[in-house]
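Report on the structure
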Amino acid sequence: MTSDTAVAPQEGNGTGGEYVSRPRLADDVFVHPPISVDAPWIIQRGEHYLRVGADLARLAQAADGTRGHEELAAVLGARWTTAAVDTGVRKLVAAKVFHGGADMHRSAPRRLPRLKVVPPLTVQLTVVHPQRLLSGVLPAMALLGLKRWGVIGALLAAGGLAALAGLGPELSGLLGRPLPLSVYAGVIVAMLVASALHELSHAAVLAYYGGRPSRMGVMLFYLSPAFFCDVSDGWRLSRNEQRVRVSLAGIATQWVIAGSAALAALVPPPGRWQDGLLLFATACYLGGTINLLPVVRLDGYLALMSHLDIPHLRDRAMADARHRIARLLYGGRYRPELPQLRWAVAFGLACMAAPLFIVIPALGNFASLLQRMGTAGAILMVCASGYLIWLLIRGVVRTAVEARTAGATRWRIALSATAVTAAVVCALLFVRIPCTVAGGYTVRDGGQVELLLPSSVDRSVIHAGTAVHLYRAGLMGRTTTGEAVIGSERSTATTAPLSAFAPVTSTTLSLPAAAYPLITTRPPSDRTGNAQLALGKSTLAHWLYDTYLAPCWR
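One structure accompanies this document, and this report is about it. (Residues numbered from 1 in each chain as written. Predicted model: local features only at pLDDT ≥ 70, side-chain atom pairs only at ≥ 80, totals over all residues. Heavy atoms only, no water.)

**Thoughts on the packing of helix α2 (residues 69-76) against helix α3 (residues 82-94)**
The relative placement of two packed helices is expressed as an angle between their axes plus a distance between the axes. For clarity, the cut-off: Lines are fitted to the C-alpha atoms to define the axes, a helix being fitted only along its stretch in contact, and any angle between axes, read from their N-to-C directions, falls within 0 to 180 degrees. Where helices and strands are cited, they refer to DSSP runs of H or I of at least four residues and of E of at least two residues respectively, numbered from the N terminus. Any angle that is under 35 degrees is reported as roughly parallel, and any over 145 degrees as roughly antiparallel; angles of 65 to 115 degrees are reported as roughly perpendicular and all others as oblique. Here, two residues are considered to be in contact whenever any of their heavy atoms come within 4.5 Å of each other. Charged means Asp, Glu, Lys or Arg here, nonpolar means Ala, Val, Leu, Ile, Met, Phe, Trp, Tyr, Cys or Pro, and polar covers whatever is left, Gly included.
Where α2 contacts α3, the axes come no closer than 8 Å and their chain directions differ by 105°. What the angle tells us is that α2 and α3 run roughly perpendicular. Two secondary-structure elements touch here, α2 through His69, Glu70, Leu72, Ala73 and Leu76 and α3 through Thr82, Val85, Asp86 and Val89. Looking at side-chain class alone, the contact of α2 with α3 contains 5 nonpolar, 2 polar and 2 charged residues.

**Let's talk about the nonpolar core**
To be explicit about the condition: Throughout this description, the term nonpolar core refers to a set of buried Ala, Val, Leu, Ile, Met, Phe, Trp, Tyr and Cys residues connected via side-chain atoms within 4.5 Å. Exposure is judged per residue with a 1.4 Å probe applied to protein chains only, and the accessible area is read against the type maximum: over 50% gives exposed, under 20% gives buried, and values in between give partly exposed.
Counting residues in hydrophobic clusters, the biggest one holds 26 residues, and the most contacted among them are Ile43, Leu59, Val85, Leu92, Val97 and Phe98. Taken together, the elements giving at least two residues each to this core come down to β1 (29-32), β2 (41-45), β3 (48-52), α1 (54-62), α2 and α3. Ranked by residues supplied to this core, first place goes to α1 with 5 residues. What isoleucine 43 contacts, discounting residues up to four positions off in sequence, is Val29, Phe30, Val31, His48, Tyr49, Leu50, Val52, Ala60, Leu92 and Val97.

**Looking at the pairing of strand β14 (residues 528-539)**
Inclusion rule: At least two DSSP bridges between two strands are needed for those strands to be called paired.
Relative to β14, strand β8 (residues 432-443) runs antiparallel, the two being bridged by 10 bridges. Residue pairing in the sheet places threonine 436 in a bridge with alanine 534 of β14. Judged from the 4 bridges that link them, strand β10 (residues 467-473) and β14 form a sheet pairing that is antiparallel. Each residue of the ladder has a partner; that of histidine 469, found in β14, is glutamine 532.

**What to know about helix α6 (residues 181-208)**
We apply this condition: Expected span, for any helix, means 1.5 Å times one less than how many residues it has.
Helix length check: α6 (28 residues) gives 40 Å between terminal C-alpha atoms against 40 Å at 1.5 Å per residue, within 8%. Following α6 by one or two positions, glycine 210 adopts a phi angle in the positive range, close to 105°.

**Looking at the packing of aromatic side chains**
We count it as follows: The criterion for an aromatic pair is that two Phe, Tyr or Trp rings (for Trp, the six-membered ring) have centres within 6.5 Å, with stacked assigned to planes under 30 degrees apart, edge-to-face to planes over 60 apart and tilted to the rest. Placement of a charge over a ring requires the Lys NZ or Arg CZ to be within 6 Å of the ring centre, with the centre-to-atom vector within 35 degrees of the ring normal.
Summed over all chains, the structure comprises 2 aromatic pairs. The interplanar angle of 75° and the centroid separation of 5.5 Å between the aromatic rings of tyrosine 208 and tyrosine 209 together place this pair among those described as edge-to-face. Residue classification places tyrosine 208 among the partly exposed positions, given a relative accessible area of 33%. Both rings, one in tryptophan 343 and one in phenylalanine 347, keep their centres 5.6 Å apart while their planes meet at 90°; by these two values the pair is edge-to-face. A relative accessible area of 36% means that tryptophan 343 is categorised as partly exposed. Taking the relative accessible area as the measure of exposure, phenylalanine 347 reaches 8% and is therefore buried. Sitting over the face of the ring of tyrosine 471, arginine 478 holds its NZ or CZ atom 4.3 Å from the ring centroid.

**Considering the sheet that holds β2**
The 3 strands are arranged β1-β2-β3 in an open sheet whose pairing can be described as antiparallel. Strand pairing shows two members of the sheet lacking a second neighbour, β1 and β3, which therefore form its edges. Sheet twist, expressed as the average angle between the axes of neighbouring strands with direction ignored, equals 20°. Running at roughly 45° to β2, α1 makes contact with β1, β2 and β3 of the sheet.

**Re the side chain of aspartate 230**
Inclusion rule: Between N or O atoms, a polar contact is any pair within 3.5 Å; within protein, one atom must be a potential hydrogen donor and the other a potential acceptor, and residues adjacent in sequence are included only when both atoms are from side chains.
The residue aspartate 230 is located in strand β7 (residues 224-230) in this model. Owing to a relative accessible area of 3%, aspartate 230 belongs among the buried residues under this scheme. A distance of 2.6 Å separates a polar atom in the side chain of aspartate 230 from a polar atom in the side chain of serine 232.

**Topic: the pattern of salt bridges**
Two side chains bearing opposite charge may form a pair once their charged atoms approach each other closely. Worth spelling out the cut-off: Here a salt bridge means any side-chain nitrogen of Lys or Arg lying within 4 Å of a carboxyl oxygen belonging to Asp or Glu.
Tallied over the entire structure, the rule returns 17 salt bridges. A salt bridge links glutamate 241 to arginine 239; the shortest N-O distance between them is 2.9 Å. With a relative accessible area of 37%, glutamate 241 lands in the partly exposed category. You can call arginine 239 partly exposed: its relative accessible area is 35%. Ionic contacts of the salt-bridge type, sharing partners, join the residues Arg51, Arg243 and Asp309 into one network.

**A look at the pairing of β10**
In summary, the side chains of a regular strand alternate between the two faces of the sheet. Relative to strand β11 (residues 478-486), β10 is paired through 7 bridges, and the arrangement is antiparallel. Pairing of histidine 469 across the sheet is with glutamate 483, part of β11. A loop of 4 residues connects β10 with β11, the two strands running antiparallel in sequence.

**Let's talk about unusual backbone geometry**
The residue lysine 96 is not glycine, and still its phi comes out positive at about 65°. Among the structural elements, lysine 96 can be located in the loop between α3 and β4 (115-118). Even without being glycine, histidine 312 reaches a positive phi, approximately 55°. Relative to the assigned elements, histidine 312 resides in the loop between α9 (299-308) and α10 (313-329).

As structure tokens, this is what we get:
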């Protein structure tokens with residue numbers, strides 16, 4: 001589902017604006033009458049929706065480029081004066097509803113681009129208009145109604161959770177051991193189908209209430225592939241709870257799919273089919289739960305924003321949080337964006353920290369896996385880390401600029417910035433953290449156990465006698481299977497099976513690696529698995545360089 005859409009206050013978006021003698025609507029602007037008796041008037045500008053009063057909507061409808069302000073006042077009726085028309089026109093020009101004075105020539109209506117970039121890191125490609133896909137869905141929804149379908153869905157979702165609980169030992173073992181590539185491929189395909197149905201359900205519920213979903217397609221969301229469905233037309237709905245249901249429809253569908261898959265896992269005997277169904281059900285439940293988080297522009301946030309009926313809730317809360325930080329560090333006077341919400345600052349701080357708490361744990365979980373993938377994995381880590389650093393720098397600069405605008409003195413801004421920079425430098429130079437190297441191992445035909453390291457690892461840190469932990473790894477857990485030490489610092493070039501670096505059972509795919517002989521103190525129970533070397537402690541700066549930057553050119 002797309003992020004929040006611009007919604008103006010009740011009488012338009014701003015009071016300033018250019019004077020236009022004969023106003024007319026811009027080519028991508030449409031005036032929508034209320035969808036029901038208690039619904040608002042909506043002016044649509046491209047993909048943005050402005051909620052306005054009936055009088056301002058009538059002015060927009062009457063402005064066809066042929067009438068001046070006096071003529072518009074006469075057409076609109078006795079309540080209107082030339083001054084009132086002038087004020088209304090300026091508001092609508094400021095909101096980009098009317099063409100400006102320098103842009104009065106009529107051009108061809110603009111078509112919405114198929115490819116759209118949404119800052120900070122989302123790229124959307126429109127594939128289909130979902131209205132065409134709903135012809136068979138809406139009659140089924142109307143047959144039972146949303147409430148009955150909701151009861152059925154809740155029963156399936158709850159039954160699936162009970163099934164996962166009953167299959168707990170199987171699920172725990174599944175997440176802690178490598179799986180065949182065919183299982184992963186099947187789960188990925190199933191997740192793509194579930195994601196498409198997730199987005200289509202947003203469109204279906206919106207259309208059920210009389211709205212018009214505009215576009216559906218694929219996107220890169222924070223570098224992750226996903227589907228999207230633009231249901232910004234939900235702002236035309238009359239009641240907040242309707243928009244909340246539109247926002248949560250995808251999560252509900254995802255949990256229904258998860259419940260159905262978990263119940264289906266009760267049928268087949270242990271094997272690839274059961275593994276795939278359990279993994280798919282777990283991924284769907286987990287994905288739906290993450291989607292509920294209100295601190296990221298996901299469905300949970302859209303539901304919260306719709307419930308409160310506050311447009312741009314996240315951006316405005318983050319502005320209040322930045323202002324609070326700026327006032328503490330730099331001083332100055334700031335106007336609150338959300339004075340009606342006592343928790344706005346806390347919510348804004350959580351939204352600002354969300355990318356860190358989402359990306360950093362993900363990097364921690366996948367860092368060892370990416371390290372084993374050589375230079376390509378190292379480049380992916382650099383991109384993710386660079387994005388985090390950019391977010392931090394942008395936030396610091398933006399806070400300082402806002403503080404200066406709010407009256408903070410230059411000397412206090414410089415002093416605070418110096419203190420923060422000094423604290424960061426001290427942390428980089430004096431904080432010491434454990435250092436590890438991720439790799440794999442294999443048992444050769446003669447019984448010799450070898451440590452396998454990708455080319456991106458700094459070999460100068462490999463010394464004879466270094467302890468090596470051997471383990472069996474899955475997607476969300478690992479089990480120690482052996483202990484060893486490095487027998488010699490001399491390595492030989494070889495190829496390593498993919499199963500030594502990733503939680504898969506494939507032995508046909510291989511990667512180039514360096515092999516070191518191991519002396520086992522506890523022989524591993526598996527012939528191939530993952531390995532980890534403990535190299536003591538290092539400064540934070542050295543660890544960051546060695547983990548994220550140096551592997552790119554080794």
